[in-house]
There are 2 protein chains.
Amino acid sequence: MSLIVTGSIGIDSIEAPTGNVNDVLGGSSIYFAAAASFFGPVRLVGAVGDDFPSRFLESFRHFNVDLTGLEQRQGSKTFRWRGRYHANMNNRDTLEVQLNVLAEKLPPVPDVYKDSQYIFLANTHPAGQLDLLSNFPNRRIVVADTMDLWIETERPTLLKLLAQIDGLVLNDSEAFQLTGKTNIVRAAEAVCEMGPKFVVIKKGEHGAFLKMDDHLVALPAFAARDVVDPTGAGDSFAGGMMGYLAATGDLSIASVRKAMAYGTIVASYNIESFSLGRLQEITRQDIDQRLEHFSRMLAV
Amino acid sequence: MSLIVTGSIGIDSIEAPTGNVNDVLGGSSIYFAAAASFFGPVRLVGAVGDDFPSRFLESFRHFNVDLTGLEQRQGSKTFRWRGRYHANMNNRDTLEVQLNVLAEKLPPVPDVYKDSQYIFLANTHPAGQLDLLSNFPNRRIVVADTMDLWIETERPTLLKLLAQIDGLVLNDSEAFQLTGKTNIVRAAEAVCEMGPKFVVIKKGEHGAFLKMDDHLVALPAFAARDVVDPTGAGDSFAGGMMGYLAATGDLSIASVRKAMAYGTIVASYNIESFSLGRLQEITRQDIDQRLEHFSRMLAV
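Note that the coordinates shown come from a computational prediction; the quantities given were computed from them, not determined experimentally. (Residues numbered from 1 in each chain as written. Chains lettered and ligands numbered in written order. Predicted model: local features only at pLDDT ≥ 70, side-chain atom pairs only at ≥ 80, totals over all residues. Heavy atoms only, no water.)

## Points about the pattern of salt bridges
So, step 1. All chains considered together, the criterion is met by 42 salt bridges over all chains.
So, step 2. Put simply, aspartate 145 of chain A and lysine 202 of chain A hold a salt bridge, and the shortest N to O gap is 3.5 Å. Within this pair, whereas aspartate 145 of chain A is found in strand E9 (residues 141-145), its partner lysine 202 of chain A is found in strand E11 (residues 198-202), the two being separated by 57 residues in sequence.
So, step 3. A salt bridge links arginine 61 of chain B to glutamate 58 of chain B; its shortest N-O distance comes to 3.9 Å. In this pair, the class of arginine 61 of chain B matches that of glutamate 58 of chain B, namely exposed. (Salt bridge = Lys/Arg side-chain N within 4 Å of Asp/Glu carboxyl O. Helix = DSSP H or I, 4+ residues; strand = E, 2+ residues; numbered from the N terminus. Buried < 20%, exposed > 50% of the residue type's maximum accessible area, 1.4 Å probe, protein only.)

## With respect to the environment of alanine 35 of chain B
Residues and elements named next belong to chain B.
So, step 1. Relative to the helices and strands, alanine 35 resides in helix H1 (residues 28-36).
So, step 2. You can call alanine 35 buried: its relative accessible area is 0%.
So, step 3. With 198 residues separating them in the primary sequence, alanine 35 and alanine 233 have C-alpha atoms 10.0 Å apart.
So, step 4. Sequence-distant contacts of alanine 35, that is, excluding residues within four places in its chain, are made with Ser236, Gly239, Gly240, Val266 and Leu279. (Contact = heavy atoms within 4.5 Å.)

## Describing the relation of the copies chain B and chain A
So, step 1. Once turned by 180° and shifted 0.0 Å along the axis, chain B lies on chain A with an RMSD of 0.0 Å. On the angle and the small slide along the axis, the relation comes out as a two-fold axis. (Least-squares fit on C-alpha atoms with pLDDT ≥ 70 in both.)

## Concerning the interface of chain B and chain A
So, step 1. The interface is formed by 32 residues belonging to chain B together with 32 residues belonging to chain A.
So, step 2. Carbon and sulfur atoms supply 53% of the area buried between chain B and chain A, which totals about 2,700 Å² over both sides.
So, step 3. One salt bridge connects glutamate 189 of chain B with arginine 225 of chain A, and the closest N-O pair in it is separated by 2.7 Å.
So, step 4. The interface formed by chain B and chain A holds 16 residue pairs in polar contact (both at pLDDT 80 or more) in total.
So, step 5. For the side of chain B that touches chain A, the secondary structure elements donating two or more residues are helix H7 (184-193), strand E13 (215-219), helix H9 (253-270) and helix H11 (284-297) of chain B.
So, step 6. A per-class count over the side of chain B that touches chain A returns 18 nonpolar, five polar and nine charged. (Buried area = accessible area lost by both parts, 1.4 Å probe. Polar contact = N/O pair within 3.5 Å; in protein donor to acceptor, adjacent residues only side chain to side chain. Nonpolar A, V, L, I, M, F, W, Y, C, P; charged D, E, K, R; others polar.)

## Quick look at the sheet that holds strand E6 (residues 79-85) of chain B
Residue and element names in this part refer to chain B.
So, step 1. Strand order across the open sheet formed by four strands is E3-E2-E6-E7, with mixed pairing between neighbours. In the strand order of this sheet, the two ends are held by strand E3 (19-26) and strand E7 (92-98), each with one partner. Each strand axis lies, on average, 15° off the axis of its neighbour in the sheet, ignoring direction.
So, step 2. Sheet topology note: the strand E2 (residues 10-16)/E6 ladder contains six bridges and is parallel. Its bridge partner lying in E6, isoleucine 14 is registered against glycine 83. (Pairing = 2+ DSSP bridges. Axes fitted to C-alpha atoms, helices over the stretch in contact; angles between N-to-C directions.)

## Points about the confidence of the model for chain A
So, step 1. Looking at chain A as a whole, the pLDDT averages 95, with 100% of positions reaching at least 70.
So, step 2. In the predicted complex, the global pTM is 0.93; the interface-specific ipTM is 0.89. (pLDDT = per-residue confidence, 0-100.)

## Here's the deal with the packing of aromatic side chains
So, step 1. If you walk through the whole model with that rule in mind, you get 16 aromatic pairs over all chains.
So, step 2. Ring geometry for phenylalanine 32 of chain A and phenylalanine 120 of chain A: centres 4.1 Å apart, planes at 10°, overall stacked. A residue pair is termed long-range when its members are at least 10 positions apart, and phenylalanine 32 of chain A in helix H1 (residues 28-36) and phenylalanine 120 of chain A in strand E8 (residues 118-121) qualify at 88 residues. For the pair phenylalanine 32 of chain A and phenylalanine 120 of chain A, one class covers both residues: buried.
So, step 3. When the centroid spacing of 5.4 Å and the interplanar angle of 75° are considered together, the rings of phenylalanine 52 of chain B and phenylalanine 56 of chain B count as edge-to-face. Both residues of the pair, phenylalanine 52 of chain B and phenylalanine 56 of chain B, belong to the buried class. (Phe/Tyr/Trp six-rings, centres within 6.5 Å; stacked < 30°, edge-to-face > 60°.)

And the structure:
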């Protein structure tokens, strides 16, 4: 498999009912890459500043992620995010964002990455996502994430991107915003009319919804009693999903459904700790065991 | 099977983005009984007023429901409800409630019903639910529904009821209100500590959640593209679930999970029309076919 991810790498500070942490490793591509690496090697493209702690790199070596494409840019600062979760852990407020290096030019894609076949464009400016795409002439499956900001401010560029990708992953509120629909099936249909072969609509603690061809699939989340930190749940979901797809190269409905289930399971581990704590502790075997449990629960 | 249901029988008027209807058959026990009757005969206890249209009785004869326990009380008026759904169909405002006969004494349980083994106490005052229970010495499985009003105003009586039932069915917001928890797993655990062997937490378009013994089961809703009227979704869910349990008499986790799936499917048909329109058109075969589709969708 030759899976590549591009997106943010950040230093997060989080306040939650379960505790507070300052200056931990975060960012969409970090959660994605760690999650996807359970299924095979992952290539990462991204930039950090000269303030990026070397201990983060050390801890990240635990995962099967190729960091050739990670640029540490002198004179720049790393993206920072500070957020606070509400009591129910489902809602959060962003207290502070420092875009820093994310507002600068994108890091170059190393030549050795250009044969990548499986591309995940984690959430960033759609113009940047489009630019990146052109680096991968052998691409087989391209999946992108996006967010409310780009839907609102960069719709024409986003629509151009949608015409060139195989799958879109986004939250339910974003799907409604993008399509003007209020029903999830109709929103999914409308997204697919914009280009993607499939769309996965993430519903947080309520699971995820897939439309691909004539197939509709709803999966619940894996019931979590002890949510420590939901940060990165959506990115680790996408990582688990895309990791499985890249490992199998199979874009049948059965395969995409199973990929969603893997995403669900990896995300369920991710939220059991701050940052990558829990993902550092588990193995592919743990994921497969929990998937088996999930599968039995859904046997009706 | 000897399944009995008690609860409201009403005349509903509904405003929705899909249309408006005036004076249609509604009420918790009506939706429940119609749904459960696909699995076997259902006995109904309830009261209506002298304004209750005879055409409602005619249309209801379509279902396998014994109406011996239906009292048409002269000089009383039938319970009436008027509501308006928001654009997304998930939220609604109650515009008008006339309790009428529901505020009077409960109708008597006919002697021929007293051997009932499967009891569903649809949502009503918990003192009334407790009174009814004492009529069924041979009861095998008792499941109750409740609502925010009783949780707020009749907690001691409700807790007394919870100690005497096997299962509780309620909405997620009600489960949080009852237990003071904000996490669904913890809320379910807290409900089971109050007495019931199992609890089913309904999440509307997001499906339902079960805790029984050490088992946790989350099921999604069946994806609906065309929701005409969500009224009675929760009651028809409970009806499908309890109908299956009463037909099998099996309270194993596999059986309760399958019962939840049947509830999900019957509810998915119910919301395709106002009142009982769609449930009058379908057969058990339709339900089994959609269940098979649902089951395939969940095979991961």
